[in-house]
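The lines below spell out each chain.
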Amino acid sequence: MSRSRPLLTPQYMRQFKCVGSQCEDTCCIGWRVNIDHATYRKYRRVTDPELRQELDSCIKRNRSQPGEQNYARIKMNRGNACPLLNEDSLCRIQLRLGEEFLSDVCATYPRISNLVNNVLEKSGTMSCPETARLALLNPDEMEFDELTEPIETRNIINRRIDTHGLAVARSAKRYFWELRIFTIQVLQNRNYTLAERLIILGMFYHGIQNQIDAGQVEEIPRIIARFTNLLAGNELRADLAAIPTQVTIQLQLMKELADERVVAGVSTRIYLECFDQFLHGVQYVPEATVEEVAARYQEAEETCYRPFMTGREYILENYLVNYVFKNLFPFSGEKNLFDNYIMMVVHYALIKMHLIGIGAFHRGLTEEMVIKLIYSFARAVEHSPKYLQHVLKLLKDNGFNTMAYMAILIKN
């Protein structure tokens with residue numbers, strides 16, 4: 001009898017199936033593809049002379065600090081595409097040898113796997129158009145299922161977290177589940193707008209970080225209880241309404257962040273197309289003043305973005321909930337929990353900024369445009385850790401890593 005292991009996963013992953021050549025894009029273009037050691041050894045034993053010659057010519061050993069997962073890599077062609085694709089953009093390795101001959105990277109994408117207290121969690125990255133459609137276009141709240149999967153199923157473990165034991169007894173990680181559940185509950189609280197929910201989370205994590213810095217992590221449950229009570233009442237609404245809207249500052253900062261990614265060298269053609277539409281949509285030209293562009297940006301938000309997004313905030317809500325689950329938020333890589341909150345806000349604000357400009361360019365938005373932007377944005381930004389670190393440094397160097405500036409990025 002085949003053994004199995006427990007698995008926690010968003011419900012949309014149960015529906016996911018690669019659509020292959022019917023996909024509007026391909027996951028075999030635009031990024032580095034590593035070959036794990038075990039798969040490399042399989043390729044060395046391939047006897048098909050034609051395929052063996054192709055493998056020898058396009059798979060190269062990593063001579064500098066190779067590991068089990070990056071023992072070799074596929075040498076992309078001049079179009080930055082995998083040379084092992086056929087004319088229908090299907091993998092010749094899988095067609096000739098079967099799925100078991102795919103590398104771990106190719107076999108598991110777009111699935112992202114984490115271990116929480118040694119329990120496997122599996123979600124999807126929004127850089128896959130089909131995953132993005134399934135995850136984002138569902139108007140119901142994103143839910144999660146406890147399932148099992150065969151023990152032999154391949155996974156690449158992205159992150160691990162352990163909330164038990166002496167090592168985390170005096171650490172905020174001890175409260176990972178409480179923080180995660182509260183965060184998702186806030187993001188899915190539709191009594192507030194999505195912008196209000198994000199600002200509330202900022203207030204919350206600012207307070208949490210202050211307690212951590214003061215060495216009082218045991219106060220975390222009390223803060224969660226206090227904010228839960230505040231959310232149930234109306235005490236926060238006056239504070240939220242008093243936050244000013246500063247579109248000029250918002251646009252300056254978001255355009256600078258977006259430009260940094262373009263300057264860094266994006267090879268994702270579809271994302272560059274979306275970015276160009278954003279620029280043309282708000283008429284962001286050298287001779288225009290920031291105030292003029294901001295006025296057009298505000299008009300586009302009111303006439304093109306807001307009419308579409310009213311009643312469809314669940315799209316970005318689902319994006320954020322998936323972000324929280326996939327990245328083990330608020331322990332997403334930065335030591336400072338508020339920094340992890342900042343990075344989540346940057347993702348949201350950049351997506352919103354692009355969509356406002358794209359809406360202006362087309363004089364309206366469609367679900368297809370939103371999916372196109374989000375999956376191409378994920379390819380260009382989410383899969384670029386160095387860029388994200390640069391963004392955080394840019395914010396800190398300019399003194400923008402405060403709750404006041406986060407509110408400016410969030411609120412229109």
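Each value, and the rule that gives it
- Residues numbered from 1 in each chain as written.
- Predicted model: local features only at pLDDT ≥ 70, side-chain atom pairs only at ≥ 80, totals over all residues.
- Heavy atoms only, no water.
- Salt bridge = Lys/Arg side-chain N within 4 Å of Asp/Glu carboxyl O.
- Helix = DSSP H or I, 4+ residues; strand = E, 2+ residues; numbered from the N terminus.
- Buried < 20%, exposed > 50% of the residue type's maximum accessible area, 1.4 Å probe, protein only.
- Axes fitted to C-alpha atoms, helices over the stretch in contact; angles between N-to-C directions.
- Parallel < 35°, antiparallel > 145°, perpendicular 65-115°, else oblique.
- Contact = heavy atoms within 4.5 Å.
- Nonpolar A, V, L, I, M, F, W, Y, C, P; charged D, E, K, R; others polar.
- Pairing = 2+ DSSP bridges.
- Core = buried A, V, L, I, M, F, W, Y, C linked by side-chain atoms within 4.5 Å.
- Phe/Tyr/Trp six-rings, centres within 6.5 Å; stacked < 30°, edge-to-face > 60°.
- Lys NZ or Arg CZ within 6 Å of the ring centre and 35° of its normal.
- Arc of directions from axis to C-beta.

Here we look at the pattern of salt bridges
Then, in step 1: Summed over all chains, the structure comprises 23 salt bridges.
Then, in step 2: Among the ionic pairs, Glu 273 bridges to Arg 269, the shortest N-O distance being 3.7 Å. Residue Glu 273 and its partner Arg 269 are both found in helix H11 (residues 269-281); the two are separated by four residues, about one turn of the helix.
Then, in step 3: Exposure remark for Glu 273: the relative accessible area of 31% places this residue in the partly exposed category.
Then, in step 4: A residue is classified by how much of its surface remains accessible, and Arg 269, at 60% relative accessible area, is exposed.
Then, in step 5: Where salt bridges share partners, they join Arg 190, Arg 197, Glu 313 and Glu 317 into one cluster.

Some words on the packing of helix H14 (residues 337-362) against helix H16 (residues 385-397)
Then, in step 1: One way to put it is that H14 packs onto H16 with a least axis distance of 11 Å and a crossing angle of 105°. Here H14 is positioned roughly perpendicular relative to H16, judged by the angle of their axes. Touching Asp 339, Ile 342, Met 343, Val 346, His 347 and Leu 350 of H14 are Tyr 387, Leu 388, Val 391, Leu 392, Leu 395 and Lys 396, all from H16.
Then, in step 2: For the contact of H14 with H16, a count of residues per class yields nine nonpolar, one polar and two charged.

As for the pairing of strand S6 (residues 119-124)
Then, in step 1: The buried fraction of S6 amounts to five of the six residues, a majority that puts the element mostly inside the structure.
Then, in step 2: Pairing of strand S1 (residues 4-10) with S6, which is carried by two bridges, proceeds in the parallel orientation. What sits directly across from Leu 8, in S6, is Glu 121.
Then, in step 3: Here strand S5 (residues 111-116) runs beside S6; their pairing, made up of six bridges, is antiparallel. Bridge assignment links Ser 113 to a residue of S6, and that residue is Lys 122.

Digging into the environment of Ile 157
Then, in step 1: Positionally, Ile 157 belongs in strand S8 (residues 157-161).
Then, in step 2: In the structure, Ile 157 is positioned 45 residues away from Ile 112 in sequence and 7.6 Å away in space, judged by C-alpha atoms.
Then, in step 3: Excluding residues that lie within four positions of it along the chain, Ile 157 makes contacts with Ser 113, Leu 115 and Leu 120.

A short note on the sheet that holds S6
Then, in step 1: The sheet built from five strands is open, its strands ordered S7-S1-S6-S5-S8 with mixed pairing. Across the chains shown, the open sheet's two edge strands, defined by having one partner strand only, are strand S7 (144-150) and S8. On average, each strand axis in the sheet is inclined to that of its neighbour by 30°, with strand direction left out of account.
Then, in step 2: Bridge count between S1 and S7: seven bridges; the pairing is antiparallel. Across the sheet, residue Pro 6 finds its bridge partner in S7, namely Thr 148.

Quick notes on the nonpolar core
Then, in step 1: Core analysis: the biggest nonpolar cluster contains 126 residues, and Leu 179, Tyr 205, Tyr 341 and Ile 374 have the highest contact counts within it.
Then, in step 2: Among the elements that take part in this core, H14 stands out by supplying 17 residues, more than any other.
Then, in step 3: Those residues in contact with Ile 374 that lie beyond four places of it in its chain are Met 126, Leu 136, Ile 315, Leu 316, Tyr 319 and Ile 351.

Details of the environment of Leu 365
Then, in step 1: Tracing the backbone shows Leu 365 in the loop between H14 and helix H15 (367-382).
Then, in step 2: Here Leu 365 falls in the buried class, since its relative accessible area comes to 10%.
Then, in step 3: In this structure, the C-alpha to C-alpha distance between Leu 365 and Arg 306, residues 59 residues apart in sequence, is 9.6 Å.
Then, in step 4: Non-local contacts of Leu 365, meaning those with residues more than four positions away in its chain, are made with Cys 304, Tyr 305, Phe 308, Leu 355, Ile 358 and Gly 359.

As for the packing of aromatic side chains
Then, in step 1: Tallying each qualifying case throughout the model produces twelve aromatic pairs.
Then, in step 2: Seen from their ring centres, Phe 275 and Phe 278 are 5.9 Å apart, and the 35° between their planes marks the pair as tilted. Taken together, the residues Phe 275 and Phe 278, both in helix H11 and three residues apart, mark about one turn of the helix.
Then, in step 3: On the basis of relative accessibility, which here comes to 6%, the residue Phe 275 falls in the buried class.
Then, in step 4: Among the aromatic residues, those joined into a ring-pair cluster are Phe 182, Phe 204, Tyr 205, Phe 227 and Phe 329.
Then, in step 5: It is Lys 42 that lies over the ring of Phe 101; its NZ or CZ is 5.6 Å from the centre.
Then, in step 6: The lysine or arginine in question, Arg 237, covers the ring of Tyr 192, its NZ or CZ lying 4.1 Å from the ring centre.

Points about helix H2 (residues 49-58)
Helical periodicity: at 3.6 residues per turn, an α-helix aligns residues three or four positions apart in one direction.
Then, in step 1: Buried residues of H2: Leu 51, Glu 54, Leu 55 and Cys 58, and no others. Down the axis of H2, the sector holding all buried residues measures 100°, keeping them to one side. Among the exposed residues of H2, those oriented more than 90 degrees off its buried face are Pro 49 and Gln 53.
Then, in step 2: Its buried side turned inward, H2 meets helix H1 (37-44), strand S3 (59-61), strand S4 (72-74) and helix H3 (92-97).

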